[in-house]
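# Reading the structure
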Amino acid sequence: MTYATLSGIGIHTGQPCSATLSALPPGSGILFETPEGLIPARAENVVETLRCTVLGCGAARLSTVEHLLSACAGRGVCDLKVSVSGPELPILDGSAAGWAAVLPQGELTLRELPQPLIVTGRGGAFIACYPAEKLTVTCAIAFEHPLVGTQLARWDGKDYLEQIAPARTFGFIEEVQKLLDAGLAKGGSLENAVIVHPNRYEPALRFDNELARHKLLDLLGDLLLAGFLPKADIIAMKPSHGLNCQLASLLSRIDFE
């Protein structure tokens, strides 16, 4: 059964791309079907985490998978085939709302976490994961910027469509040229990203803490690369795709026997 086909451009390559989402039998997991081959959505297939999460398997590569995977986490979709054209998934409006809207509501199976886990990064960044009765995620960001400062976002497993999915990706105006020089953000625009200026956001924010909510959105998508989400209280301080995927890799190697 096919759920939908979504098309657009890739935010980093600027190239046209599309993705057709189809159901798979229970236990199949999430599978990306590219012209170069199949890529299971697993932490072991992460090949790059600069500004987005890139998966690779053999000759196949696919960028910017985190928003779709976040929608799968939020909607409880565990088994999905994603048939893609182009080098990355379409950015849509920069959030996960478009993906979440076309996915059915399922029941995401959470696994018991046998022991706490923590990964650490630069500048005080960390993600701590403590065993709990359910999944809750708290995300904090901190920037030396008068508009942003410190923001918090929290998700308790409910209302993903309304509270998390609409949060858009963002960037600082002074970073834009650096991204372009690095060969990134070629498809970025005010239609798919929030730009942080010295004294304003452009376009206007959907939530006062939209930036923190988007970081939480990314975290959920990256963590699903473990193949599951844990019953855990997750506290993330200044998370990044690299840190997220480190935790996903740790989770994927846990012996649950």
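Residues numbered from 1 in each chain as written. Predicted model: local features only at pLDDT ≥ 70, side-chain atom pairs only at ≥ 80, totals over all residues. Heavy atoms only, no water.

Taken in spatial order, the five strands of this open sheet run 1-2-8-3-4, and their pairing is mixed. Of all the strands in the sheet, the pair left with one neighbour each is strand 1 (2-9) and strand 4 (37-40). Taken pair by pair, the neighbouring strands of this sheet meet at an average axis angle of 20 degrees, ignoring direction. Both strand 2 (residues 16-23) and strand 8 (residues 80-85) contribute to a ladder of six bridges, which runs antiparallel. Across the sheet, residue Ser18 finds its bridge partner in strand 8, namely Ser85. Contacts from helix 1 (residues 66-75) reach strand 2, strand 3 (30-34) and strand 8 within the one sheet, and its direction differs from that of strand 3 by about 150 degrees. (Pairing = 2+ DSSP bridges. Helix = DSSP H or I, 4+ residues; strand = E, 2+ residues; numbered from the N terminus. Axes fitted to C-alpha atoms, helices over the stretch in contact; angles between N-to-C directions. Contact = heavy atoms within 4.5 Å.)

It is worth spelling out the nonpolar core at this point. With 69 residues, the main nonpolar core has Phe32, Leu68, Val82, Leu89, Tyr160, Ile234 and Leu251 as its most contacted residues. With seven residues, helix 5 (residues 210-223) is the largest single contributor of residues to this core. Those residues in contact with Val82 that lie beyond four places of it in its chain are Ala19, Thr20, Leu21, Leu31, Phe32, Glu33, Leu68 and Leu89. (Core = buried A, V, L, I, M, F, W, Y, C linked by side-chain atoms within 4.5 Å. Buried < 20%, exposed > 50% of the residue type's maximum accessible area, 1.4 Å probe, protein only.)

So, about the environment of Ala204. Note on placement: Ala204 falls in the loop between strand 16 (201-202) and helix 5. A residue is classified by how much of its surface remains accessible, and Ala204, at 60% relative accessible area, is exposed. As for Ala204 and Val194, which are separated by 10 residues in sequence, their C-alpha atoms are 7.8 Å apart.

The geometry of helix 5 relative to helix 6 (residues 241-252) is characterised by a closest axis approach of 8 Å and an angle of 35 degrees between their N-to-C directions. Crossing of helix 5 against helix 6: the hand is right-handed. Contacts between helix 5 and helix 6 pair Asp218, Leu219, Asp222 and Leu223 from the former with His241, Asn244, Cys245, Leu247, Ala248 and Leu251 from the latter. Its residues placed into classes, the contact of helix 5 with helix 6 shows six nonpolar, two polar and two charged. (Left-handed = near helix turned anticlockwise from the far one by under 90°. Nonpolar A, V, L, I, M, F, W, Y, C, P; charged D, E, K, R; others polar.)

This part covers the pattern of salt bridges. Tallying each qualifying case throughout the model produces five salt bridges. Measuring nitrogen to oxygen at the nearest pair gives 3.0 Å for the salt bridge that ties Asp93 to Arg206. Note that Asp93 is positioned in the loop between strand 8 and helix 2 (97-102) and Arg206 in the loop between strand 16 and helix 5, a separation of 113 residues in sequence. The salt bridge partner of Glu112 is Lys231, with a shortest N-O separation of 3.2 Å. Of this pair, Glu112 sits in strand 9 (residues 110-112) while Lys231 sits in strand 17 (residues 229-237), and the two are 119 residues apart along the sequence. On the basis of relative accessible area, Glu112 is assigned to the exposed category, the value being 52%. (Salt bridge = Lys/Arg side-chain N within 4 Å of Asp/Glu carboxyl O.)

Below, the discussion takes up the sheet that holds strand 16. The sheet built from three strands is open, its strands ordered 14-15-16 with mixed pairing. The sheet is open, and its two borders are formed by strand 14 (170-172) and strand 16, each paired with just one other strand. Pairing of strand 15 (residues 194-196) with strand 16, which is carried by two bridges, proceeds in the antiparallel orientation. Each bridged residue has a counterpart across the sheet, and for Val196 the counterpart in strand 16 is Tyr201.

Before going further, it helps to spend a moment on the side chain of Thr136. Turning to its location among the elements, Thr136 is positioned in strand 12 (residues 136-142). With a relative accessible area of 8%, Thr136 lands in the buried category. For Thr136, the contacting residues outside a window of four places in its chain are Arg154, Trp155, Asp156, Ala232, Asp233 and Ile234.

Only one face of strand 8 is covered, namely the face carrying Leu80, Val82 and Val84; the face carrying Lys81, Ser83 and Ser85 is uncovered. Strand direction decides the pairing type here: strand 3 and strand 8, joined by four bridges, are parallel. Each residue of the ladder has a partner; that of Glu33, found in strand 8, is Ser83.

Moving on, we get to unusual backbone geometry. Across the junction of Glu202 and Pro203, the peptide omega takes the value -5 degrees, indicating a cis bond. Within the fold, Pro203 resides in the loop between strand 16 and helix 5. The phi dihedral of Arg51 is positive, around 70 degrees, even though this residue is not glycine. Tracing the backbone shows Arg51 in the loop between strand 5 (46-48) and strand 6 (54-57). Look at Arg51 and you get partly exposed, because its relative accessible area is 39%.

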